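Topology and contacts: notes
Here is what each chain is made of, one letter per residue.
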Amino acid sequence: MFDLTPEQQLIRNSVRELAQGVIKSRAAEVDRSEEYPWENVQLLVEAGLMGMCIPKKHGGAGASYLDAVLVVEEMAKACGVTGRIVVEGNMGAIGAICAYGSKKQIDRVAPLVLAGDKPAICITEPGAGSAATSMSTIAVKKKDKYILNGVKHWITGGGVSRVHLVFAQVVENGERQGIGAFIAVRGEDEGMRIGRREPAMGLRGLPETEVIFENMEISADMALVPPQGLRRGFGGLMDAYNAQRVGAGTVALGVAAGAYDTAKEYMKTREQFGRPIAEFQGLQWMIADMDVALESARLMLWRAACSGKNGFPDPLLAAQAKLLASETAVKVTNDALQLHGAAGYSRDLPLERMVRDARMFTIGGGTAQMLRNLIAGHALDMKTPQTRDGYSRLAK
Ligand SMILES: CC(C)(COP(=O)(O)OP(=O)(O)OC[C@H]1O[C@@H](n2cnc3c(N)ncnc32)[C@H](O)[C@@H]1OP(=O)(O)O)[C@@H](O)C(=O)NCCC(=O)NCCSC(=O)CCS(=O)O
Ligand SMILES: Cc1cc2nc3c(=O)[nH]c(=O)nc-3n(C[C@H](O)[C@H](O)[C@H](O)COP(=O)(O)OP(=O)(O)OC[C@H]3O[C@@H](n4cnc5c(N)ncnc54)[C@H](O)[C@@H]3O)c2cc1C
């Protein structure tokens, strides 16, 4: 079903070499120090992997999401943090800006990303996580500016990212228009403050922080409105976000595939009862199940990456793929640790890090439950409103 082109095989092989070399050698230290891996970012820039999906006319390589997914998996096998940087350097915010943005917007953002900036996407708020459309961050239009106020949290890259795509309720002439997004650059736009850093379980080289907007003035020409207009602004922005769902699922896959590879090697060398533990059938069957689960997740992610219209993955296929990949990653990393016995539980080996790194993907980017809600809606061919009065409103 998926024959990679010779170019794609080349991308995969060259990225594998980089990832299995210096990137892998730094992964434990990135986790231990909890510092953003700027040296890795420099290598990504030199290899043309930041902004590879930016169209050629804007300085990128015009690569497809499948190309990016191949890169993300290889990076995440070695270092989940670096895998996530490739995702945000190509999908999510930058994808939305390249698709819906004006020349002025793209010209402002693309050079930053190509030079190594990982944009931050600012959707979640303390009171609006899964219920993202209930966000209270507000952008009030005043002449040729919007004034933004609100608090976002769990923003990946808070304090290291320069480009921010901030989702907000738009108010014009005193009336709510819908949800739009605003391009803000840390260091250029005043009124943005980085708040508390979360003491996160995994992927510790990436800061997850609050980002606070206090009367931040954004020029009206930095408002990003999908072609459907503000009334359908959120849906249009989510269309673009589906690419990042595929990317996040691929990081989960990569982390799990890295744990799986590590476990296979270990089983051949670790001996108990006078023979390599790889000879025990119970463990062989674990390996077989891990193998099938990873391959299934990979196929669904590749299919989702190639799907869709308007250049973005299909929402259903993206949700299905991320759900499968994230839950597979939780199980496979745990099983890989189990196959190492106590050695897997030690911080000397990468297994415990991989278990921690895989854990976020059933939460970030839409929880497994919210993805199931979306999938169920498609399966049943009906709306699945989540508010208490949702179905009675539909009935009216
Ligand atoms: C969508 C939800 C926020 C639920 O909200 P609502 O019940 O209020 O909204 P809906 O009526 O379901 O949807 C509103 C509107 O948006 C369209 N929509 C929804 N999901 C998608 C999608 N995936 N792709 C395209 N369009 C979508 C929907 O059709 C409606 O359109 P119309 O207005 O009717 O035309 C909730 O289900 C949800 O998704 N919550 C999760 C929020 C989320 O994913 N947050 C991610 C934050 S960023 C992050 O976590 C980064 C981590 S990472 O690893 O990268
Ligand atoms: C590591 C990490 C990185 C992140 N990066 C970003 C980022 O860069 N930008 C950003 O905007 N956000 C980011 N997030 C936030 C992420 O998108 C949210 O955590 C996620 O959308 C869930 O919101 P919540 O944490 O508030 O959980 P809640 O919405 O409070 O959910 C709590 C529990 O209730 C369940 N639940 C809620 N509603 C329903 C329902 N209707 N049906 C069934 N179950 C339901 C959830 O599935 C979950 O199990 C990140 C999160 C993590 C962990």
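Since the model is a prediction, treat every value here as computed from it, not as a measurement.

1. Notes on the overall build of the chain
- In terms of helices and strands, the chain carries 13 helices and 10 strands.
- For 396 residues, the compact-globule estimate of 2.2 N^0.38 gives 21 Å, and the C-alpha radius of gyration of the chain, at 21 Å, lies within 12% of that figure.
- For the chain, buried positions account for 53% of its 396 residues.
- At a minimum sequence separation of 6, the contacts of the chain that also span at least 24 residues come to 72%.
- On the chain, roughly 18,000 Å² of surface is accessible, and the fraction owed to carbon and sulfur atoms is 52%.
- Within the chain, the 44 negative side-chain charges are centred at a point lying 5 Å from the centre of the 46 positive side-chain charges.

2. Section: the site of ligand 2
- Surveying the vicinity of ligand 2 reveals 20 residues, the closest of which are Thr-124, Ser-130, Trp-154, Thr-367 and Gln-369.
- At 2.7 Å from an oxygen atom of ligand 2 is found a side-chain nitrogen or oxygen belonging to Ser-130.
- Taking Gln-386, its side chain carries an N or O atom lying 2.8 Å from a nitrogen atom of ligand 2.
- Relative to its unbound accessible surface of 970 Å², ligand 2 loses 66% to contact with the protein.
- Elements that contribute at least two residues to the shell around ligand 2 include exactly strand 1 (120-122), strand 3 (145-156) and helix 12 (368-380).
- When residues are assigned to domains, the shell around ligand 2 turns out to be shared by domain 2 (120-229) and domain 3 (234-380), each giving three or more.

3. Let's talk about the domain arrangement of the chain
- What the domain assignment lists for the chain is domain 1 (6-114), domain 2 (120-229) and domain 3 (234-380).
- Each partner contributes to the roughly 1,300 Å² buried at the junction of domain 2 and domain 3, and carbon and sulfur atoms together form 76% of this total.
- Taken as a group, Ser-130, Met-201 and Leu-203 account for 39% of the area that domain 2 buries against domain 3, more than any other trio of residues on that side.
- The tally of links between domain 2 and domain 3 comes to 0 salt bridges.
- Inspection of the region where domain 2 meets domain 3 yields 2 residue pairs in polar contact (both at pLDDT 80 or more).

Cut-offs applied
Residues numbered from 1 in each chain as written. Chains lettered and ligands numbered in written order. Predicted model: local features only at pLDDT ≥ 70, side-chain atom pairs only at ≥ 80, totals over all residues. Heavy atoms only, no water. Helix = DSSP H or I, 4+ residues; strand = E, 2+ residues; numbered from the N terminus. Rg over C-alpha atoms; globule rule 2.2 N^0.38 Å. Buried < 20%, exposed > 50% of the residue type's maximum accessible area, 1.4 Å probe, protein only. Contact = heavy atoms within 4.5 Å. Areas by Shrake-Rupley, 256 points an atom, 1.4 Å probe, with all protein chains shown as cover. Lys, Arg positive; Asp, Glu negative; His and termini not counted. Charge placed at Lys NZ, Arg CZ, Asp CG, Glu CD. Near = heavy atom within 4 Å. Polar contact = N/O pair within 3.5 Å; in protein donor to acceptor, adjacent residues only side chain to side chain. Domains from an automatic or database assignment. Buried area = accessible area lost by both parts, 1.4 Å probe. Salt bridge = Lys/Arg side-chain N within 4 Å of Asp/Glu carboxyl O.

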